[in-house]
Amino acid sequence: MTAEITTEKARIGAPSIAGFTEEGEGLVSAKVDHSHNHGVTVMSSRAERLTSFNVADFALPTGREEEWRFTPVRGLANLFSDAATDDGSAVFTVDAPEGYVRGTLAKEAAPRGTVLTPADRAAVVASANVDEALHVVIPAEAEPAEPVRIHVHGAGAGRRSNGHVVLEAAPNSRSVVIVEHTGAADHNGNVEVIVGEGAKLTVISVQLWEDYAKHLGQHDAQVGKDAVYKHIAVSLGGSVVRLNSNVRFAGEGAEAELLGLYFADAGQHLEHRSFVDHNVPNCKSNVLYKGALQGKNAHTVWVGDVLIQKQAEGTDSYEKNQNLVLTDGCRADSVPNLEIETGLIEGAGHASSTGRFDDEHLFYLMARGIPEEVARRLVVRGFLNEIIQQIKVPALEERLTEAVERELAATDN
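Visitor: So what exactly am I meant to see when it comes to the overall build of the chain here?
Guide: Scanning the chain from N- to C-terminus turns up 5 helices and 17 strands. Within the chain, the fraction of its 413 residues that count as buried is 54%. For the chain, the proportion of contacts with a sequence separation of at least 24, taken over those separated by at least 6, is 86%.

Quick look at the structure:
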C-alpha cells in the first residue's frame, strides 16, 4: 500500500533562531478590517476566545464558525438547546474512599466556576442547567491505593443529559481519577480540575458510549506550583464525541501532559481539541494524541493550541498528533497551532502526521512469516499502545486493549 503522509513540524528554541527576540515570534495576524467582513472580527489570538456563563452570549452554531467548522452541527440541536436534564437520562455513580465526595456545589459556590468558564455553546448550556455539581476532593498528602471512579451511564439515545464535576487534588496528594461514559444519551459534560501545589493528578476520561450516543464536553484544569497533571482522553464509542481539554498554570515548576487515543469507525465523528495556556514562567507541557480510522465517512479531528504568554519565560512545550488511516473513505483533520509572545523559552514545537501503513513495517513482519492481516493488526496495536500504556491502571489498560482489538476485528485490516 502506498503511503500518503502529510507532516508539519516545528521546533523552536530562542537561542537558535536569528531575529527571534524576547518580544516573541509574532505568529498571529492583525484583526480583519470590518468594512470587508460585515462587522465580524476574526480572533487574532487563542487568548481572545469568548468565555462566558451567559447562554445568550453564544449563538447557535451553524458550522461556519472557525470553532465548529469540522463538527457535524446539524445533528447536535438537542445538545445546543438551553434545556434541563431529562429525568433518568443518565446515572452518575462514584466509587471513592470515604470523605472524598464532598457533596455538591451550587452554581455560585466556590470552587465551582473558578477554573472552568464555558467556552462554547454546549459547555454553557451544561453549566446553566446543572444546579448542583458533583464535588470530589483528594485530601492533602493522600495517596489512595485505587483510582477514584466516576461513572456516567446514559439511559437511552436522544435523552438529554447535563453534567458538571469539580475535582480537587489538595496539595501533595497523589491520585488517579477515571471518568467513564457508557450507555447512550445526548450528554453535555463539564469537568473542572484544580491541582494543588505539589500534587500529582491523572484524570482519565473514557468514552465507551453505545453507537447512538452524542457527547460534547469541556475539561479545564488549573495546575499549581510544582504540581503534575496528566489528562488522558480515550474515545472509542459514540456517534459524535467532541472534547475540549484545556490547561493553565497557577505557579512555577508545574507540568501538564495531555494525551489522547481515538479509533473511529464508519460514520463516526471523534473530535478532540486541546489548549495549553502558558501564563506563568518555567512550566512544561506535552501534548500527544494518536488515532486510527476505518470505514466510510469515519472522521476524526484534532485541533491543538499552545499559547506562550509574554510573562511565561522558561517555558518548555511540545504538541503532536498522529493519525493512521486504515481504509479508503476516511477523513482526518489535524491542526496544530503555536502562539509565542516571548523568545525567552526553553523550547516549543509541534508536529502532525496523517498516513497509511508504513510499508517497511509490514514488510519486516511479513518477511518473518507473519500473515499480512496479522501484521497490520500488530502495527495498529503498537501505534495505539503508546497511549494505553500511559494509563498505569492495569485493569483499565486491559479493557481498552480488548476494545481496540474489537475495533480491528470489525474490518479486514
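Visitor: Even after reading the chapter, I still don't get the packing of helix α4 (residues 372-388) against helix α5 (residues 394-409), so can you show me in this structure?
Guide: Helix-helix packing is described using two parameters, namely the angle between the two axes and the distance between the axes. Two numbers describe how α4 lies on α5: the axes approach to 11 Å, and their chain directions differ by 150°. As far as their axial angle goes, α5 and α4 are roughly antiparallel. Handedness of the crossing formed by α4 with α5: right-handed. Packed against α4, whose contacting residues are Arg377, Val380, Arg381, Leu384 and Ile388, the element α5 presents Glu397, Leu400, Thr401, Val404, Glu405, Leu408 and Ala409 at the interface. The class makeup of the residues in the contact of α4 with α5 is 7 nonpolar, 1 polar and 4 charged.

Visitor: Whenever I open this one, the layout of surface pockets confuses me. Can you help?
Guide: Sizing a probe to match a water molecule and rolling it over the atoms shows the empty space that remains. If you add up the space inside the second largest pocket, you get close to 380 Å³. Residue lining of the second largest pocket: 19 residues in total, with Trp209, Asp211, Leu236, Gly237 and Glu407 positioned closest to the centre. Class assignment of the residues belonging to the lining of the second largest pocket gives a composition of 7 nonpolar, 5 polar and 7 charged.

Visitor: Would you mind showing me how to read helix α2 (residues 121-128) here?
Guide: Think of an α-helix as 3.6 residues a turn; residues three or four steps apart then line up on the same face. Across the 8 residues of α2, 7 count as buried, placing the element largely inside the fold. Listed as buried for α2 are Arg121, Ala122, Ala123, Val124, Val125, Ala126 and Ser127. Among the residues of α2, the N-terminal cap falls to Asp120, whose side-chain oxygen and the backbone nitrogen of Ala122 are separated by 3.2 Å.

Visitor: Help me understand unusual backbone geometry in this model?
Guide: Residues apart from glycine generally show negative phi values, whereas peptide bonds are mostly found in trans. For the bond running from Ala110 to Pro111, omega is 10°, close enough to zero to count as cis. Considering the arrangement of structural elements, one finds Pro111 in the loop between β3 (101-105) and α2. One non-glycine residue, Asn297, adopts positive backbone phi at about 65°. Assignment of secondary structure puts Asn297 in the loop between β13 (284-293) and β14 (299-308). By relative accessible area, Asn297 is classed as exposed at 52%.

Visitor: Would you mind going over the nonpolar core with me for this structure?
Guide: One recurring pattern in soluble globular proteins is that nonpolar side chains are buried together. Within the largest apolar cluster, 54 residues are counted, with the highest numbers of intra-cluster contacts made by Leu167, Val193, Tyr229 and Phe249. Residue contributions to this core peak at 7 residues, all from strand β6 (residues 174-195). Residues within four places of Tyr229 in sequence aside, it is in contact with Val193, Val195, Leu201, Val203, Ala221, Val223, Val247, Glu255, Ala256, Glu257 and Leu258.

Visitor: Got a minute to help me understand the environment of Val301 in this structure?
Guide: Inspection of the secondary structure assignment puts Val301 in strand β14. A relative accessible area of 1% means that Val301 is categorised as buried. Along the sequence, Val301 and Ala332 sit 31 residues apart, while their C-alpha atoms lie 5.9 Å from each other.

Visitor: Honestly, empty space enclosed by the protein in this entry has me stumped. Any pointers?
Guide: Going through the model one piece at a time under the given rule, you end up with 2 cavities of 30 Å³ or more. The volume enclosed by the largest cavity comes to roughly 70 Å³. Taken together, 13 residues line the largest cavity, and the ones lying closest to its centre are Val165, His181, His187, Gly189 and Val191. Elements with a minimum of two residues in the lining of the largest cavity: β5 (148-169), β6 and β8 (214-223). Among the elements that line the lining of the largest cavity, the one with the most residues is β6, at 6 residues. Its residues placed into classes, the lining of the largest cavity shows 6 nonpolar, 7 polar and no charged. Estimates place the volume of the second largest cavity at around 40 Å³. Looking at the second largest cavity, the residues that line it are Asp120, Ala122, Ala123, Gly189, Asn190, Leu216, Gly217, Gln218, Arg242 and Asn244. Looking at the lining of the second largest cavity, the elements with two or more residues in it are α2, β6, β8 and β10 (240-249). Sort the elements by how many residues they give to the lining of the second largest cavity and β8 lands first, with 3 residues.

Thresholds, definitions, all that
- Residues numbered from 1 in each chain as written.
- Predicted model: local features only at pLDDT ≥ 70, side-chain atom pairs only at ≥ 80, totals over all residues.
- Heavy atoms only, no water.
- Helix = DSSP H or I, 4+ residues; strand = E, 2+ residues; numbered from the N terminus.
- Buried < 20%, exposed > 50% of the residue type's maximum accessible area, 1.4 Å probe, protein only.
- Contact = heavy atoms within 4.5 Å.
- Axes fitted to C-alpha atoms, helices over the stretch in contact; angles between N-to-C directions.
- Parallel < 35°, antiparallel > 145°, perpendicular 65-115°, else oblique.
- Left-handed = near helix turned anticlockwise from the far one by under 90°.
- Nonpolar A, V, L, I, M, F, W, Y, C, P; charged D, E, K, R; others polar.
- 1 Å grid on protein atoms, 1.4 Å probe; cavity = no way out; pocket = protein on both sides within 12 Å on 5 of 7 lines; lining within 4 Å.
- Points joined across faces, edges and corners; volume = space filled by probe spheres on them.
- Polar contact = N/O pair within 3.5 Å; in protein donor to acceptor, adjacent residues only side chain to side chain.
- Core = buried A, V, L, I, M, F, W, Y, C linked by side-chain atoms within 4.5 Å.

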